[in-house]
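Here's the letter readout for the chains.
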Amino acid sequence: AIEDLERVIDENDIDESDLLFYPNIDYVSLCALSGLLQKRNLSSFPRIAVRFIGVLEYPSERDILSLELLICSLVFAADAGLPIAFSAESAVLARRLSELYGIHCAQTPTLSDFAYLPLRPVEQLNILAPGSGRPDKGFYRLAAICRHLSESMSRPFTLFAQDMPVYRYQKPSSSVSLPVDVPEVVMLPSALPATSLLALMQASHVVVLPYESSVYQYRSSAIMVDAACTGRPIVASGGCGFSEDIERFDLGFLAYSTSDFAEKISYLSERVCGSIDSAYMEKASSSYASYSHKAIVDNLAGLLR
């Protein structure tokens, strides 16, 4: 990885007037950058913009111990005069990095290609639960949420959920509740192209994200961003990295239990089917999208002068 980075810099004559931008830095790229900083003269090194995400893929468990050293190598380079902009995908991760390393770390949210689409008229409520059938995205919670909805909501509904890949069906224990036999659930393929996801967003009235907060404590969600930019009200788990954005921009509600998810979805169903103000949803969507783009520009502005 160090050799690859070195070759990219040398073959393209990259120097201190250029900008090396890592929009989603991974562990190996961080290792390579740290290693090259130790080899090269900082005065001729390009300016750096690093955006951290809430999960890094480690080659082995032992490498987790070196993460602090790798980040500290960037902090030392910044202290030595190398222009570096630090940012993170979620506000909670940005604050955590700022506290741990004494740096200015801004939030630069994930961007979406989706744009606001007015809600379609409601004959029955369409709920979208995307997420490739992953347990950490709440796949096993969907059946229970639907049972609570059937008891609490008089309006008919359909929940569209991405299925698990076939190999994952060999792993669940008998105690796990799968949504495949719930009549209100329509199972979608585990992988969807962007065009299909956009069509599903357009046809939906509520997006539900029952993610595991223990896994997503510092992480954002591209699906949450797509839903926000499309203007679909969201019901998502509290305690996730993206939860703060949902509250801050009034993009929906946070839930903390299965019954809480059902109650929030039921409440939104009355608003969507009744008096929800489409102009309000459009304003919230536009405000969030504008903030996301401006945050990236602001974070890079100092390096681009």
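Just so you know, these numbers come straight off a predicted model, no measurement behind them.

**Let's talk about the overall build of the protein**
Right, on to step 1. Scanning the protein for helices and strands turns up 10 helices and 10 strands.
Right, on to step 2. In terms of overall dimensions, the protein has C-alpha extents of about 70 × 45 × 35 Å along its principal axes.
Right, on to step 3. At a minimum sequence separation of 6, the contacts of the protein that also span at least 24 residues come to 76%.
Right, on to step 4. For the protein, the exposed surface amounts to about 14,700 Å²; the carbon and sulfur share of it is 52%.
Right, on to step 5. For the protein, the centre of its 24 positive side-chain charges and the centre of its 36 negative side-chain charges are spaced 3 Å apart.

**Let's talk about the sheet that holds strand β1 (residues 19-22)**
Right, on to step 1. Within the open sheet, the four strands sit side by side as β1-β2-β3-β4. Their pairing is parallel. The sheet is open, and its two borders are formed by β1 and β4 (105-107), each paired with just one other strand. Strand-to-strand twist in this sheet, taken as the mean axis angle between neighbours without regard to direction, amounts to 20°.
Right, on to step 2. The pairing of β1 with strand β2 (residues 47-52) spans four bridges and is classified as parallel. Directly across from F21, in β2, lies its bridge partner A49.
Right, on to step 3. Relative to the sheet, helix α2 (residues 27-39) contacts β1 and β2, its axis offset from that of β2 by approximately 150°.

**Some remarks on the packing of helix α1 (residues 2-11) against α2**
Angle between the axes and distance between the axes: these two values describe a pair of packed helices.
Right, on to step 1. Orientation of α1 relative to α2, taken along the N-to-C sense of each, is 65°, at an axis distance of 8 Å. Considering how the two elements wind past one another, α1 and α2 form a crossing that is right-handed. From α1, I2, L5, E6 and I9 reach across to α2, where they touch A32, L33, G35, L36 and K39.
Right, on to step 2. Residue composition of the contact of α1 with α2, by class: six nonpolar, one polar and two charged.

**Points about α2**
Right, on to step 1. The terminal C-alpha atoms of α2, which comprises 13 residues, lie 19 Å apart, in line with the 18 Å expected from a rise of 1.5 Å per residue.
Right, on to step 2. Turning to α2, its buried residues are Y27, L30, A32, L33, S34, G35, L36 and L37.
Right, on to step 3. The residue sitting at the N-terminus of α2 and contributing the capping side-chain oxygen is D26; that oxygen lies 3.1 Å from the backbone nitrogen of V28.

**Quick word on the environment of K264**
Right, on to step 1. Mapping K264 onto the fold places it in helix α9 (residues 258-273).
Right, on to step 2. Distance in space between the C-alpha atoms of K264 and N41 is 56 Å, their sequence separation being 223 residues.
Right, on to step 3. Ignoring any residue separated from it by four or fewer positions in sequence, one finds K264 in contact with V235, F253, L254 and A255.

**Examining the pairing of strand β9 (residues 234-237)**
Right, on to step 1. Examined bridge by bridge, strand β8 (residues 206-209) and β9 share three bridges and lie parallel to one another. By the bridge assignment, V208 is partnered in β9 with V235.
Right, on to step 2. You can see the chain leave β8, run along helix α7 (residues 222-230) and come back into β9, and the turn it takes is right-handed.
Right, on to step 3. As defined by bridge partners, β9 adjoins strand β10 (residues 252-255) across four bridges and the pair is classed as parallel. From the neighbouring strand, I234 faces β10, where its bridge partner is G252.
Right, on to step 4. After leaving β9, the chain enters helix α8 (residues 243-248) and then returns to the sheet as β10, a path that is right-handed.

Each value, and the rule that gives it
- Residues numbered from 1 in each chain as written.
- Predicted model: local features only at pLDDT ≥ 70, side-chain atom pairs only at ≥ 80, totals over all residues.
- Heavy atoms only, no water.
- Helix = DSSP H or I, 4+ residues; strand = E, 2+ residues; numbered from the N terminus.
- Contact = heavy atoms within 4.5 Å.
- Areas by Shrake-Rupley, 256 points an atom, 1.4 Å probe, with all protein chains shown as cover.
- Lys, Arg positive; Asp, Glu negative; His and termini not counted.
- Charge placed at Lys NZ, Arg CZ, Asp CG, Glu CD.
- Pairing = 2+ DSSP bridges.
- Axes fitted to C-alpha atoms, helices over the stretch in contact; angles between N-to-C directions.
- Left-handed = near helix turned anticlockwise from the far one by under 90°.
- Nonpolar A, V, L, I, M, F, W, Y, C, P; charged D, E, K, R; others polar.
- Expected span 1.5 Å × (residues − 1).
- Buried < 20%, exposed > 50% of the residue type's maximum accessible area, 1.4 Å probe, protein only.
- Polar contact = N/O pair within 3.5 Å; in protein donor to acceptor, adjacent residues only side chain to side chain.
- Right-handed = clockwise from strand over helix to strand, strands pointing away.

Everything listed here is a matter of coordinates, which is why it stays silent on function.
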